Amino acid sequence: MPDPQSPVLEIANFSFRIGTKEILRDVTFSVAKGEYLSIVGPNGAGKTTLLKCIDRIHRGGSGRIAVYGRPLESYRQRELARHLSYVPQADGRVFPFTVEQFVLMGRYPHLNAFSSIGHEDRKTVLEVMERAAITPFAHRRLDTLSGGERQKIYIAAALAQGAEVLLLDEPTTFLDYRHQAEIRDLLAEVNRNSGVTIVAVTHDVNRAAMDSHRIVALSAGRVVFDGAPADIMQADTLEQIYETSFLLVGHPQGDVPIIAPQLPGEAGP
Amino acid sequence: MRSATLLLALALLALVVVCGAPLVGSESIPLGALWGDAEPGQIKILWTLRMPRVAVGFLAGAGLALAGMAFQALFRNALATPFTLGVSSGASLGAAIYIHLGLAFSFLRIPGESWFAFTGALLTIAVVYGLARAAAGASNVTMLLAGVAVSFFFSSMILFLQYLSDLTRTFRMVRWVMGGLESIVGVDTILTLFPFVFAGCAVVLYFRHELNLITTGEELAVARGVEVDRVKLVVFVVASIMVGAIVSVCGPIGFVGLMAPHICRLLIGPDHRKLAPATLLFGGAFLVACDTLARTVIAPTELPVGILTALLGGPFFVWLLLTRGGEE
């Protein structure tokens, strides 16, 4: 369970601009160790940019981001990579590495310059591949696998990295139902059993409400909601965030309502 | 295991080529000359003409191939070559200016042509960097475009100089751009080139893990802990200076830097821990083999080796692509 006494991540009054366009404005929230936090919000709200700022893929910005109480700037990238890992969407171009080679590359922050990959690294890689159920693909080439399989491999590589915090960018958006379920179970399992903190950007508010301990919503670069899943699942709150109408219905298995798709012509601002 | 065997085979091949090539030529030399068991004249040819040429050929081939591999990885672009950033055009312009001015000097036992070419290469690196940084913080596309633009600009300048020059000088300029190893005599060039190639190759080999990660995507590489901007800067600058030094000595020998890395990728896979040594060995051996053929095929006349690299390497590459490209 998350322990609010020890935040792994603190973001305070953080603003970030690309050129003259302000992408993030005065963002403030923190993430507790072991927490499963979902970040939701409309397209262009700055969700992905925020993840990239936390992992220093984007540098700069004003305000403060701290990891384990230490400001981000005080970390060397290699040291940061032992704590955090950004997991991109598994689309795009891939070089024809095998799955095993790719996951092994996750060990990079633990290698010193001249040491080759050792016994310990290989052991870790076998473990995470087993855990992510990708061992059967170990010798397949990355470019021959589907998006769902690749997403599991990306998560496995981040686990091989030894990161205690995973920053996931739309981990399930383009996947079919089975792969969505597999990714969800994998994330829930590492969160529950290994205390890995999860920060996931998603468009699926239903899933976010069911999977996470807490939800943060961004809109136009600002935090417009920060609270429990039950509290975001209210028509007026969602309408404020997404500027469209919502139909909520009770879930047959739980207390938190879910968003039901509306008939054509029924939705509108 | 398979890749270890392949690497060993490549190393043996390189050794055979490097030891065998000096024995072949218009005057054939017995194997015994390697340890002094031959006529004095033969031993002299071996050590003052053939060996230096083979050594420089190996250094040049290895350096160009490894630089090509590094640029392909850093730009994530299969068409990148050691000359993509304009280094060879800059060097060629330097040499063309030297020829046009009718200069003839040497300094520190290095010919003036090489000094001019190397200066041209260094200036190009500085200009391309300046342009890319001024534009948008050295993004890949900006750098590629800056390199291409600078290349075209310098190529036009060379054409302009050729237009202005008389027939003899124009011919020398055209001949320079074909590249070749026939001017190498004695040990000087080896000593000049070695530090550049050694430093360039050492840096590229040192960053083998980083190159692997950057080919999977720059953002992913940062997430894994690579200081991508720093690695790119160091590799670009050191490799470009190495390429500049090679081109200044041998002229812009094409094809090795583009195709040797691809051929090795097809043979041994994309993992730079194995790909880098394989590319180095293959590039060196390939250029030496081509040069040996270049100086024997229509003896006593010599072909510029730059013509042969593409003539031989092209079909070989297509054959590999057709037979191995589809494999898992």
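Source: prediction; values computed, not measured.

Q: Just checking my understanding: could you explain unusual backbone geometry for this structure?
A: Residues and elements named next belong to chain A. For asparagine 13, which is not glycine, the phi torsion reads 50 degrees and is therefore positive. Counting through the fold element by element, asparagine 13 comes out in strand E1 (residues 3–18). Notably, aspartate 26 is not glycine yet its phi reads approximately 55 degrees, a positive angle. Structurally, aspartate 26 is set in strand E2 (residues 21–33).

Q: Looking at this structure, how should I read the sheet that holds strand E9 (residues 214–219) of chain A?
A: The strands that make up a sheet are held in pairs by hydrogen bonds between backbone atoms, and each pair lies either parallel or antiparallel. Residue and element names in this part refer to chain A. The strand order across the open sheet formed by six strands is E6-E7-E8-E3-E9-E10, and the pairing between neighbours is mixed. The sheet is open, and its two borders are formed by strand E6 (84–87) and strand E10 (222–227), each paired with just one other strand. Across this sheet, the average inter-strand angle for adjacent strands is 15 degrees, counted without regard to direction. Two strands pair when backbone bridges link them, and E6 and strand E7 (residues 165–169) are joined in this way by four bridges, in the parallel orientation.

Q: Looking at this structure, how should I read the environment of asparagine 193 of chain A?
A: Take asparagine 193 of chain A: it is sitting in helix H6 (residues 177–194). Under the C-beta neighbour-count criterion, asparagine 193 of chain A is labelled exposed, with 9 such atoms within 10 Å.

Q: How do you make sense of the interface of chain B and chain A when you look at a structure like this?
A: As a measure of interface size, the accessible area lost when the parts come together is often cited. Opposite the 18 residues of chain B that make contact, chain A presents 25 residues. Listing elements by their share of the side of chain B that touches chain A, those giving two or more residues are helix H8 (208–215) and helix H9 (218–223) of chain B.

Q: Is there a simple way to explain the environment of proline 252 of chain B in this structure?
A: All names here are of chain B. Structurally, the position occupied by proline 252 is in the loop between helix H10 (228–250) and helix H11 (256–268). Along the sequence, proline 252 and glutamine 72 sit 180 residues apart, while their C-alpha atoms lie 18 Å from each other. The contacts of proline 252, once residues within four sequence positions are left out, are Phe83, Ser88, Ala91, Ser92, Val177, Gly179 and Val247.

Q: Sorry if this is basic, but what is going on with the packing of helix H5 (residues 147–160) of chain A against H6 of chain A here?
A: Packed helix pairs are characterised by how far apart their axes lie and by the angle those axes make with each other. Residue and element names in this part refer to chain A. The interhelical angle for the contact between H5 and H6, taken along N-to-C directions, is 15 degrees, at an axis separation of 9 Å. By the angle class used here, H5 and H6 are roughly parallel. The chirality of how H5 crosses H6 is right-handed. Mapping the contact onto sequence places Gly148, Gln151, Lys152, Ile155 and Leu159 in H5 and His179, Glu182, Ile183, Leu186 and Val190 in H6.

Q: I'm lost on the pairing of E9 of chain A in this one. Help?
A: Strand residues, when the strand is regular, have side chains that alternate between the two faces of the sheet. All names here are of chain A. Examined bridge by bridge, strand E3 (residues 36–40) and E9 share four bridges and lie parallel to one another. Within E9, the residue paired with serine 38 across the bridge is isoleucine 215. In this sheet, E10 lies alongside E9 in antiparallel orientation, the contact comprising five bridges. When the bridges of E10 are listed, serine 219 appears paired with arginine 222. Counting the residues that bridge the hairpin from E9 to E10 gives two residues, and of these alanine 220 lies at a positive phi of roughly 50 degrees.

Cut-offs and rules
- Residues numbered from 1 in each chain as written.
- Chains lettered and ligands numbered in written order.
- Predicted model: local features only at pLDDT ≥ 70, side-chain atom pairs only at ≥ 80, totals over all residues.
- Helix = DSSP H or I, 4+ residues; strand = E, 2+ residues; numbered from the N terminus.
- Pairing = 2+ DSSP bridges.
- Axes fitted to C-alpha atoms, helices over the stretch in contact; angles between N-to-C directions.
- Buried ≥ 20, exposed ≤ 12 C-beta atoms within 10 Å, placed from the backbone.
- Contact = placed C-beta atoms within 7 Å.
- Parallel < 35°, antiparallel > 145°, perpendicular 65-115°, else oblique.
- Left-handed = near helix turned anticlockwise from the far one by under 90°.

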